[in-house]
Amino acid sequence: MRELTSEKTTHPVLLFWIIAGWVGFFLLPWYGVEAFFSFEWLIDGYPFDPDYAPAGFLIAQGEKLWLAPMVLALVAPLAVLSKRKSDPIYAKVLILAGAFGFGWMILQGFAIGIRGWNFEWAAALFGDLGDRQFGMGYGALICASAFLFLFTQGIAARGAINGDVFVVSAIGGVIVIVTAFVFFPIAKMLTAAFITDEGGYSVGVFLSKFFDDRLWGLGCLSGGRCGAALNSLFLAVLVGFITTVLGLIFALVVTRSGFRYKRALRALTVLPIITPPFVIGLALILLFGLSGSVTVFFADVFGVQPTRWLYGLPGVLIAQTLAFTPIAFLVLIGVVEGVSPSMEEAAQTLRASKWQVFKTVSLPLMRPGLANAFLLGFIESMADFGNPLVLGGNFDVLSTEIFFAIVGAQYDQGKAAVLAMVLLCFTLGAFYAQRFWLGKKSYTTVSGKGDSGVHPHMPRALSVPVLAIAMIWAGFTALVYVMIFYGSVVELWGVNNTLTFKHYVTAFSFRFEDGGIRWSGAAWDSFWTTLKIAGIAAPLTAIVGLITAYLLTRQTFAGKNAFEFGTMLSFAIPGTVIGVSYILAFNVPPIEITGTGIILVVSFIFRNMPVGVRAGIASMSQLDNSLDESSLTLGANSWQTFRRIILPLLRPAILAALVYSFVRAMTAISAVIFLVSAEYDMATSYIIGRVENNDYGLAIAYSTTLIFVMLSVVALMQFVVGRTEIGRRMTQSRSNV
């Protein structure tokens, strides 16, 4: 009995967060420190200088006394270290301490800013503060995390979700960070839709902009011109459908055929995703523009006048299909590989033909992946502004309208907010249409049973057209990239075609000196910064995305549907709006990170997280709950089950999240334009600067270098993550199937 009591009163996780809270409050700088990890602040007045002092030292010096109440929330949990989790006092103390500490941090953070009180009523009630505070730093971050997880441990002790600390903490953590970095900045931006010229709020202002004829343009139904909203919807549906079909085709070729050059095809398939969108647009113009090589060739052969057919819906559709097919492929390849071969073999044993097996067994089990691939293609098309900006012509879409509303001469944040709300409505509609199509059917194919078999090849009637389409599209993709590389080694693209490597030398020259290597090229600073930011953001994106997918597929909790939509929200908003909303939200306390590398990392994490979520959901839908139940029955907790059972079976989803988040961080344009600074200049902002100066050769040379770098990193990620092996026999035996 004594041993049992001792075991139940040992709380290592609780002790960890208590210590973390004290470290954040009494040892680390409470407010933000520029260049924190250079540790110069340790010898520059720490811990007594107010700029670097921990909260405890500030209070001891009689400053920032509004931080003092949080000490109570740090002391209270010490009283329950000797209590059992079943003791009602244990849960009550942790809930009260965590809620009070976290709530007080939020309250004082928003109430007091760089000019004292942020609210007039507070100044009227309490008088002039006579002090101010800046954005919170790492001390405040760790202390807030401690309060949050003390609170979630108390909730778990009350019996929430069977008392599972890991699940409750994961739900609480994801809700808080999504609220802070998705809902809060977007809400800050969207409130601009109701702001009048005098600074007040009015529904009439919103309605006048919402029903603008330029937005809807219903006259197109009678042969007139469509508005940006209808154009965006039509384009997004086309792109979603075409990219899903092409993604499935390439996934089938890679996993269900005997095609010899699968690795080369796979690498070629993901090429467009690692290319800045406007570069693809420029290559298409060089091929199919008014003076493009293909256009001129056919004009000479058939004796017709060259036209500007590329500019408008056709060009944007081709460019977006090129750019977003890899997303569908990355989502679908994990789903296609995840279909249990034993089910297909069982159908063949019952004398079903290969076509019948594919049509009635394999394809229906791929529905979660197909639905998720369509949704991502739809949202990507809605949010993309790079391709429409280059190739749109008179074909107006919501993303470009938002862009010009923000950066144009009008600078109408209200109009941009209204357009963003319309875009959100379309996204929400696609989201619920996807859920309706999937229904409540089970798509589980992988259980705890062994001997899963191997995948059969496609039936011949399917393999011939699939391979033909794959080869045609792969050839077209290869042609586009040949033109991109060609543009990087000519003097002046389309004007002077003399071959030269001067653009690469200008961007990436270096020389050896006594002190080491001197990176003298003009592009090195932005290149190293981009690699660092992308390298930090990619694994964090995958972690947050897959944990969120685990919660959505394996747990049931109140507000689950709203939680899922919240994780997709940042993906549905154009990057330009994300960038502006982050500036509005994080340019002042309590979170003051504008101009730092942190804001770039955060924007990439929550902009790209939905891909990890959707890929994880699609893959986890195929894993039987019996796997979790068996692990829990054998004594493992939820964290151990997630780490040792679920994650190893999610390698395709992990790879998809890592690849997508890394390459998008390397090639992102829209949000980056607003968030870069002199110290943190990204590759794409540098490239756009070269394009604006008409230095196309250097811009394309830089883009080409990024392509090769990212291909190498993607290959390394694939090697490290590995692949999921479900079959029982070697690949060579597939010929016997």
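What counts, and where the lines are drawn
Residues numbered from 1 in each chain as written. Predicted model: local features only at pLDDT ≥ 70, side-chain atom pairs only at ≥ 80, totals over all residues. Heavy atoms only, no water. Helix = DSSP H or I, 4+ residues; strand = E, 2+ residues; numbered from the N terminus. Buried < 20%, exposed > 50% of the residue type's maximum accessible area, 1.4 Å probe, protein only. Contact = heavy atoms within 4.5 Å. Areas by Shrake-Rupley, 256 points an atom, 1.4 Å probe, with all protein chains shown as cover. pLDDT = per-residue confidence, 0-100. Axes fitted to C-alpha atoms, helices over the stretch in contact; angles between N-to-C directions. Parallel < 35°, antiparallel > 145°, perpendicular 65-115°, else oblique. Left-handed = near helix turned anticlockwise from the far one by under 90°. Nonpolar A, V, L, I, M, F, W, Y, C, P; charged D, E, K, R; others polar. Polar contact = N/O pair within 3.5 Å; in protein donor to acceptor, adjacent residues only side chain to side chain. Phe/Tyr/Trp six-rings, centres within 6.5 Å; stacked < 30°, edge-to-face > 60°. Lys NZ or Arg CZ within 6 Å of the ring centre and 35° of its normal.

J.: Any details on the overall build of the protein? Residues and values, ideally.
T.: On a plain count of helices and strands, the protein comes out with 33 helices and six strands. Here the protein holds 737 residues, and the buried ones make up 53% of them. Residue pairs in contact within the protein that sit at least 24 positions apart in sequence constitute 75% of those at least 6 positions apart. Summing over all exposed atoms, the protein offers an accessible surface of approximately 33100 Å²; the carbon and sulfur share of this is 64%.

J.: Residues and numbers for the confidence of the model for the protein, please.
T.: For the protein, per-residue confidence averages 81 on the pLDDT scale, and 89% of positions sit at 70 or higher. Contacts of residues 1-8 to residues separated by more than four positions or lying in other chains number four contacts, the stretch itself having pLDDT below 50.

J.: Report on unusual backbone geometry, specifying residues and quantitative values.
T.: Look at the link from Tyr46 to Pro47: it is a cis peptide, with omega at 5 degrees. Take Pro47: it is sitting in the loop between α2 (12-26) and α3 (55-60). Cis geometry marks the peptide bond from Pro589 to Pro590; its omega dihedral reads 10 degrees. Mapped onto the elements, Pro590 comes out in the loop between α26 (575-586) and α27 (597-620). The backbone phi angle of Lys64 is positive, close to 50 degrees, even though this residue is not glycine. Position of Lys64 among the secondary structure elements: in the loop between α3 and α4 (70-75). Taking the relative accessible area as the measure of exposure, Lys64 reaches 11% and is therefore buried. Positive phi outside glycine occurs at Asn162, with the angle close to 60 degrees. Note on placement: Asn162 falls in the loop between α7 (138-157) and α8 (165-190). The exposure class assigned to Asn162 is exposed, which follows from its relative accessible area of 80%.

J.: Can you tell me about the packing of helix α11 (residues 228-255) against helix α12 (residues 262-269), naming the residues and giving the values?
T.: Interhelical geometry of α11 versus α12 gives an angle of 155 degrees and a closest axis separation of 9 Å. In this view, α11 runs roughly antiparallel relative to α12, as classed from their interaxial angle. Here α11 and α12 pass one another in a crossing that is left-handed. Along its contact with α11, which presents Phe250, Val253 and Val254, the element α12 presents Lys262, Leu265, Arg266 and Thr269. For the contact of α11 with α12, a count of residues per class yields four nonpolar, one polar and two charged.

J.: Tell me about the side chain of Ser526, residues and numbers included.
T.: Mapped onto the secondary structure, Ser526 falls in helix α24 (residues 524-554). A polar contact of 3.0 Å, which involves the side chain of Ser526, links it to the backbone oxygen of Ala523. Not counting residues up to four positions away in its chain, the partners in contact with Ser526 are Asp681, Met682, Ala683, Tyr686 and Tyr702.

J.: Which residues make up the packing of aromatic side chains, and what values go with them?
T.: Tallied over the full model, the rule gives 42 aromatic pairs. Between Trp22 and Phe26, the aromatic rings sit 5.1 Å apart at their centres with planes inclined by 25 degrees, giving stacked as the arrangement. Taken together, the residues Trp22 and Phe26, both in helix α2 and four residues apart, mark about one turn of the helix. Aromatic pair Phe210 and Trp216: ring centres 5.6 Å apart, planes at 65 degrees, arrangement edge-to-face. The class for Phe210 is partly exposed, based on a relative accessible area of 22%. One aromatic cluster is present, formed by Phe508, Phe510, Phe512, Trp519, Trp524, Phe527, Trp528, Tyr686 and Tyr702 through successive ring pairs. A cation sits over an aromatic face here: Arg308 above Tyr311, 4.5 Å from the ring centre. Sitting above the plane of the Tyr686 ring, Arg690 keeps its charged end 5.5 Å from the centroid.

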